[in-house]
Amino acid sequence: MSSLYGFVKRIYLVFNPPAPEAPTGSPLRFGILGAANIAPIALILPAKNHPDAVVKAVAARDQGRADAFAKKQGIPKAYGGPGAYQKLLDDPEIDVVYNPLPNGLHYEWTMKALAAGKHVLLEKPSADTAEETRKMFAFAQEKGLVLMEAFHYRFHPAMRRMKEIVESGELGTLTKIEACLALPSGFIKDSDIRMVYDLGGGAMMDMGCYPLSISRYLAGADPTRVISAKADIHPKFPQIDIGTTATLAFPNARGSTESTEESTDGLTATLYVHFRLPPLFGILPRWPRVFVRVTGTRGTAKLSNFPGPWLYHSITVESSQQEGGPSRKRTEKRYGNLGWTTQVFLYRYQLEAFIDKLRGRTPEHWFDAQDSITNMEWIEAIYKETGLGSRPPSTADIPAS
């Protein structure tokens, strides 16, 4: 009963965040590019609970959509129609831009936001290519602005605890990581922008960036090569992977960079992502598969629902004192306690870190430029191995620095 109560309470607090007890007199003013479905949960709701953040404007290509979104979310300004995005960037009352646009528009509008002197919170994946990601972060540094890719899961206590377990040595020498993010058929429709190649569509882009990032994070290293990668393709979308399976080699735990398929001590990570898991036996609907599992010579640790631990999660650990010895199993949960009422809310942790950085404070955790660049490099490497190749780079007219 207590678990059910906690679950209901978490849901309620996420969508009904209380106002901060002591708001600042001059909070950072956010503007949102696009009336995206993710914007309320990723920024608008957590900002309502943060003492130093306020969402002041939204821009959409259609004025009616911008107006409706602003009214529903309580946002004072709504820019719509041709030139709406640039109008928001030109607004002197906007300090920070949140960019949740389709992947293929990330580079163009992040560069234009930086050119306008705005800090940027950028949805993942950062861009269509690693070169675009590299250019964005270099431009942000040149302008003295903060740019962060919004890998929100990294900031939650559940993921931090998983990292502690892996680094503690409890699991022994790491041998394998499995990271899965897959949805059953019916969630991603044919009309979804994630199925559009020119907009940076594909499962490895939209979903795969998570398992790749989490594997790198828990391994504490970057891959050395792609062992194998295979894309699941639908005839209607020959350039789009509706699913991808990839296995990556990592430096092994003894510090050597030698790693082969036959290696007995090398670390590998297998990533599995899918937009449309087929029904079991052709008729039974599938449950979403969302987890990361780390295996070592003395045990395993599995974190369920790593992208959304604020809703629910579990960390299941089974380990032994010595290799081959009797094992013990336990389950942990880490919803956190940072002193705000919506302490369970994943994106609130991310916003806290981002604003700390903007205000010159040291965040408890940070997702830096090189992390974003490296993640994009390996996304491209996986696409190359599948034969699909990278998503098309932007052809937009980008302002000179």
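Since the model is a prediction, treat every value here as computed from it, not as a measurement.

Peer 1: Help me understand the overall build of the chain, please; the structure alone is not making it clear to me.
Peer 2: When helices and strands are tallied, the chain shows 11 helices and 14 strands. Every one of the 401 residues in the chain was classed for burial, and the buried ones make up 55%. Counting contacts in the chain only where the partners sit at least 6 residues apart, residues at least 24 apart contribute 69% of the total. Total accessible area computed for the chain in this model is approximately 17,700 Å², and 51% of it derives from carbon and sulfur atoms.

Peer 1: Help me understand the nonpolar core, please; the structure alone is not making it clear to me.
Peer 2: In summary, soluble globular proteins display a tendency toward joint burial of nonpolar side chains. Phe30, Ile32, Met159, Met162, Leu218 and Val292 are the most contacted members of the largest nonpolar core, which totals 90 residues. What Ile32 contacts, discounting residues up to four positions off in sequence, is Ala39, Leu43, Ile44, Val55, Ala57, Val58, Ala59, Ile75, Leu88, Tyr98 and Pro100.

Peer 1: I keep staring at the pattern of salt bridges and nothing clicks. Help me out?
Peer 2: Opposite charge on two side chains permits pairing when their charged atoms draw close. All chains considered together, the criterion is met by 24 salt bridges. A salt bridge links Arg161 to Glu332; its shortest N-O distance comes to 2.7 Å. Taken together, the positions of Arg161 in helix α7 (residues 157–167) and Glu332 in strand β14 (residues 327–332) put the pair 171 residues apart, joining distant regions of the chain. Assessed through its relative accessible area of 10%, Glu332 is described here as buried. Two residues, Asp206 and Arg194, come together in a salt bridge whose shortest N-O distance is 3.5 Å. Taken together, the residues Asp206 in helix α8 (residues 203–206) and Arg194 in the loop between β7 (174–184) and α8 connect sequence positions 12 residues apart. A relative accessible area of 19% places Asp206 in the buried class. When salt bridges with common partners are traced through the structure, they connect Arg161, Glu164, Glu170, Arg330, Glu332 and Arg334 into a single cluster.

Peer 1: Looking at this structure, I do not really get the sheet that holds strand β6 (residues 147–149). What am I missing?
Peer 2: Note on sheets: strands pair through backbone hydrogen bonds, and any given pair is parallel or antiparallel. Strand order in the open sheet formed by 6 strands is β3-β2-β1-β4-β5-β6, with parallel pairing between adjacent strands. Looking at which strands have only one partner, the edges of the open sheet turn out to be β3 (77–80) and β6. In this sheet, neighbouring strand axes are inclined to one another by 20° on average, regardless of whether the strands run parallel or antiparallel. Bridge count between strand β1 (residues 28–33) and strand β4 (residues 96–99): 3 bridges; the pairing is parallel.

Peer 1: Explanation requested: a nonpolar patch on the surface in the structure shown.
Peer 2: On the surface, Leu280, Phe281, Ile283 and Leu284 cluster together into a nonpolar patch covering about 470 Å² of accessible area. By the element assignment, Ile283 lies in the loop between β10 (267–277) and β11 (289–296).

Peer 1: How should I be thinking about the side chain of Glu108 in this particular structure?
Peer 2: Position of Glu108 among the secondary structure elements: in helix α5 (residues 103–115). Within polar-contact distance, the side chain of Glu108 engages the side chain of Lys112 at 2.8 Å. If we ignore the near neighbours within four places in the chain, the residues touching Glu108 are Ser394, Ala396 and Ile398.

Peer 1: Would you explain the packing of aromatic side chains in this entry?
Peer 2: Aromatic ring pairs are described here by two measures, namely the spacing of the ring centres and the angle between the planes. Counted according to the given criterion, the structure contains 7 aromatic pairs. Taking 6.4 Å as the distance between ring centres and 55° as the angle between the ring planes, the aromatic pair formed by Phe30 and Phe354 counts as tilted. One end of the pair, Phe30, is in strand β1; the other, Phe354, is in helix α10 (residues 346–358), and 324 residues separate them in sequence. Residue Phe30 is classed as buried on the basis of its relative accessible area of 0%.

Peer 1: Got a minute to help me understand the confidence of the model for the chain in this structure?
Peer 2: Predicted coordinates in areas of low pLDDT are best not read in detail. Averaged over every residue, the pLDDT of the chain is 90; the share at 70 or more is 89%. Segment residues 254–265: pLDDT under 50, and 16 contacts once partners within four positions in sequence are set aside and those in other chains are kept. Every residue in residues 338–344 is under pLDDT 50, and counting partners more than four places away or in other chains gives 22 contacts.

Peer 1: For this particular structure, what's the right way to read helix α3 (residues 63–73)?
Peer 2: Buried residues of α3: Ala66, Phe69, Ala70 and Gln73, and no others. For α3, the arc enclosing every buried residue in end-on projection is 95°, short of the 170-degree limit, so these residues lie on one face. Exposed side of α3, more than 90 degrees from the buried face: Lys71 and Lys72 are the residues found there. Those residues of α3 that are buried lie in contact with α2 (39–49), β2 (53–60) and β3. With a side-chain oxygen positioned 3.1 Å from the backbone nitrogen of Gly64, the residue opening α3 is Asp62. Positive backbone phi, at 70°, marks Gly74, one or two positions downstream of α3.

Peer 1: In this structure, what is going on with the pairing of strand β13 (residues 314–320)? I would like to understand it.
Peer 2: Regular strands show a simple pattern: their side chains alternate between the two faces of the sheet. Taken across its 7 residues, β13 has 5 buried, putting it largely inside the fold. Two elements, strand β12 (residues 299–304) and β13, share 6 bridges in a ladder whose sense is antiparallel. The partner of Lys302 across the bridge, within β13, is Thr316. Both β13 and β14 contribute to a ladder of 6 bridges, which runs antiparallel. Within β14, the position partnered with Ser319 by the bridge is Arg328. The turn joining β13 and β14, which pair antiparallel and follow one another in sequence, is formed by 6 residues; a positive phi near 85° is taken by Gly324.

Thresholds applied
- Residues numbered from 1 in each chain as written.
- Predicted model: local features only at pLDDT ≥ 70, side-chain atom pairs only at ≥ 80, totals over all residues.
- Heavy atoms only, no water.
- Helix = DSSP H or I, 4+ residues; strand = E, 2+ residues; numbered from the N terminus.
- Buried < 20%, exposed > 50% of the residue type's maximum accessible area, 1.4 Å probe, protein only.
- Contact = heavy atoms within 4.5 Å.
- Areas by Shrake-Rupley, 256 points an atom, 1.4 Å probe, with all protein chains shown as cover.
- Core = buried A, V, L, I, M, F, W, Y, C linked by side-chain atoms within 4.5 Å.
- Salt bridge = Lys/Arg side-chain N within 4 Å of Asp/Glu carboxyl O.
- Pairing = 2+ DSSP bridges.
- Axes fitted to C-alpha atoms, helices over the stretch in contact; angles between N-to-C directions.
- Patch = residues over 30% accessible without salt bridge, like charges linked within 9 Å, V, L, I, M, F, W, Y side chains within 5 Å.
- Polar contact = N/O pair within 3.5 Å; in protein donor to acceptor, adjacent residues only side chain to side chain.
- Phe/Tyr/Trp six-rings, centres within 6.5 Å; stacked < 30°, edge-to-face > 60°.
- pLDDT = per-residue confidence, 0-100.
- Arc of directions from axis to C-beta.

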